[in-house]
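A look at the structure
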Amino acid sequence: MDTLLNFFTRLFDGLRDLWENDSTQRTVSAALVLIFIFALGIIELNRQGMISTPLSQKIPTSHYMAINLAFSLVLILEVISLVFTLPASMSRALGKQFEILALILLRNSFKELSKLPEPISLMGKNEVLWHILAYGGGALIIFALLGVYLKLLKGLDETIGPGPSLNRFISAKKIVALLMLLLFIAMGGFNLWLKIKGHSGFHFFQYFYTLLIFSDILLVLIAQSFLPQFSAIFRNSGYALATLLIRLSLAAPVYYDVLTAVFSILFAIFLTFVYNSFYTDRHSKKQEK
């Protein structure tokens, strides 16, 4: 068993180091710029009727769709980073999910631009403006509250001390992360194949966040084997519930999705604050004095 755990640990660490390498990040950033410029050029050629009919039908005619593509690619990169964050801790992985949620709301703001004409005009499109304000405002609120949440995480105590138990716990979480990475690649490839074939595809991020709910429950059950204390179980289960609220916000109608998203991070902040205040070793030591 330990041999198998060590194999997956080395595999995960190698992939994570490759992804987080400065050279890889610079290459990916440069690719994003080139893809955005290329998308703008292809859309303009299609607008001018310079692309053959079968292919032109699959290419949008709104330059705003290039912005949507760019933000979608940024979200994909953030989700990959999220997968590599899963073995760290549920609290920090949840923080990464809030980062992605804020970016999703920003992307939704830019997606609303596709409903406007070029050059841009709001004539008869007041509802689009309200949607942009709602998504943008929600993203800003989550960005601000994320700072509060991350600051509270600094007060969390290590629940498992260094040793074989901690190593096995981390290895188990890395196996879950590898599984999520494999599913992420498979889902992305299948969605791309559907679009190439002319189908509409599916809401990739919503489906993947649904999978994250199940992975979080799995991580809670794994953590319970190493952390059977009530406070740790409740905290980890609470973080899993916050992930569920994020998923529900992605499926909710406009305005309700923003309200649910903001409530999810407020829930996580209050949970972390209560845990820090009453259930950490630091608090227990103060009580003993």
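Residues numbered from 1 in each chain as written. Predicted model: local features only at pLDDT ≥ 70, side-chain atom pairs only at ≥ 80, totals over all residues. Heavy atoms only, no water.

With that settled, the discussion passes to the overall build of the protein. Counting its secondary structure elements, the protein contains eleven helices and zero strands. Helices and strands appear in the protein in the N-to-C order α-α-α-α-α-α-α-α-α-α-α. Dimensions of the protein, computed from the C-alpha atoms along their principal axes, are close to 75 × 45 × 30 Å. Per-residue burial over the protein gives 42% buried out of 289 residues. Sequence-distant contacts in the protein: of pairs separated by 6 or more residues, those separated by 24 or more amount to 74%. (Helix = DSSP H or I, 4+ residues; strand = E, 2+ residues; numbered from the N terminus. Buried < 20%, exposed > 50% of the residue type's maximum accessible area, 1.4 Å probe, protein only. Contact = heavy atoms within 4.5 Å.)

Right, let's talk about the pattern of salt bridges for a bit. Pairing is possible between side chains that carry opposite charge, provided their charged atoms lie close to one another. What the rule picks out here adds up to seven salt bridges. Residue aspartate 13 is joined to arginine 16 by a salt bridge in which the shortest nitrogen-to-oxygen separation is 3.2 Å. Taken together, the positions of aspartate 13 and arginine 16, both in helix 1 (residues 2–20) and three residues apart, correspond to about one turn of that helix. The closest approach of N and O atoms between glutamate 78 and lysine 96, which form a salt bridge, is 3.0 Å. Linking glutamate 78 in helix 4 (residues 64–85) with lysine 96 in helix 5 (residues 90–111), this pair joins segments that are 18 residues apart in sequence. As far as the burial class goes, glutamate 78 and lysine 96 line up, both buried. Among the ionic contacts, a cluster of salt bridges with common partners joins Asp13, Arg16, Asp17 and Lys174. (Salt bridge = Lys/Arg side-chain N within 4 Å of Asp/Glu carboxyl O.)

On to the nonpolar core, then. A general tendency of soluble globular proteins is for nonpolar side chains to be buried together. Counting 58 residues, the largest nonpolar core has Leu94, Phe98, Ile142, Tyr149 and Phe208 as the members making the most contacts within it. Going through the elements one at a time, helix 1, helix 4, helix 5, helix 6 (126–153), helix 7 (164–196), helix 8 (204–226), helix 9 (230–251) and helix 10 (256–278) are the ones with two or more residues in this core. Among the elements that take part in this core, helix 5 stands out by supplying ten residues, more than any other. Look past the residues within four positions of leucine 94 in its chain and what remains in contact with it is Tyr149, Tyr239, Ala242, Thr243, Ile246 and Ala268. (Core = buried A, V, L, I, M, F, W, Y, C linked by side-chain atoms within 4.5 Å.)

Locating phenylalanine 190 in the fold gives a position in helix 7. Here the alpha-carbon distance between phenylalanine 190 and phenylalanine 202, two residues twelve residues apart in the chain, equals 9.6 Å.

Bringing the packing of aromatic side chains into the picture now. According to the stated counting rule, one finds eleven aromatic pairs in the structure shown. Clustering of aromatic rings is evident, with ring pairs tying together Phe98, Tyr149 and Tyr239. The ring of phenylalanine 169 carries the charged tip of lysine 173 above its face, separated from the ring centre by 4.5 Å. Above the ring of tyrosine 275, the side-chain terminus of arginine 235 is found at 4.8 Å from the ring centroid. (Phe/Tyr/Trp six-rings, centres within 6.5 Å; stacked < 30°, edge-to-face > 60°. Lys NZ or Arg CZ within 6 Å of the ring centre and 35° of its normal.)

What follows covers the packing of helix 4 against helix 8. Packing of helix 4 against helix 8 leaves a shortest axis separation of 12 Å and a crossing angle of 10 degrees. In terms of orientation, helix 4 lies roughly parallel with respect to helix 8. In the crossing of helix 4 with helix 8, the sense of the turn from one axis to the other is left-handed. On helix 8, the residues that touch Ser72, Leu75, Ile76, Val79, Leu82 and Val83 of helix 4 are Phe205, Phe208 and Leu212. (Axes fitted to C-alpha atoms, helices over the stretch in contact; angles between N-to-C directions. Parallel < 35°, antiparallel > 145°, perpendicular 65-115°, else oblique. Left-handed = near helix turned anticlockwise from the far one by under 90°.)

Time to look at the confidence of the model for the protein. Of all residues in the protein, 92% have pLDDT values of 70 or greater, and the mean over the chain is 85. For the stretch residues 283–289, pLDDT sits under 50, and the model shows three contacts to residues farther than four places along the chain or on other chains. (pLDDT = per-residue confidence, 0-100.)

Helix length check: helix 6, at 28 residues, gives a terminal C-alpha distance of 41 Å against a target of 40 Å (1.5 Å per residue), a fit within 8%. Regarding helix 6, the residues found buried are Val128, His131, Ala134, Tyr135, Gly138, Ala139, Ile142, Leu145, Leu146, Tyr149, Leu152 and Leu153. The inward-facing, buried residues of helix 6 contact helix 5, helix 9 and helix 10. (Expected span 1.5 Å × (residues − 1).)

Tracing the chain through its elements places asparagine 46 in helix 2 (residues 22–47). Excluding residues that lie within four positions of it along the chain, asparagine 46 makes contacts with Ile51, Ser56, Ile59, Pro60 and Thr61.

Quick look at the packing of helix 2 against helix 4 now. Following both chains from N to C, one finds helix 2 and helix 4 inclined at 155 degrees, their axes separated by 9 Å at the closest point. As judged from the angle between their axes, helix 2 and helix 4 are roughly antiparallel. At the point where helix 2 passes helix 4, the crossing takes the right-handed sense. When helix 2 is examined against helix 4, the residues Val28, Leu32, Ile35, Phe36, Ala39, Leu40 and Ile43 are found in contact with a partner set consisting of Met65, Ala66, Ile67, Leu69, Ala70, Leu73, Val74 and Leu77. Taken together, the residues of the contact of helix 2 with helix 4 sort by class into 15 nonpolar, no polar and no charged. (Nonpolar A, V, L, I, M, F, W, Y, C, P; charged D, E, K, R; others polar.)

Moving on, we come to unusual backbone geometry. The general pattern is negative phi for most residues beyond glycine and trans for most peptide bonds. Even without a glycine there, the phi angle at tyrosine 255 is positive, about 80 degrees. According to the relative accessible area criterion, tyrosine 255 is partly exposed, its value standing at 39%.

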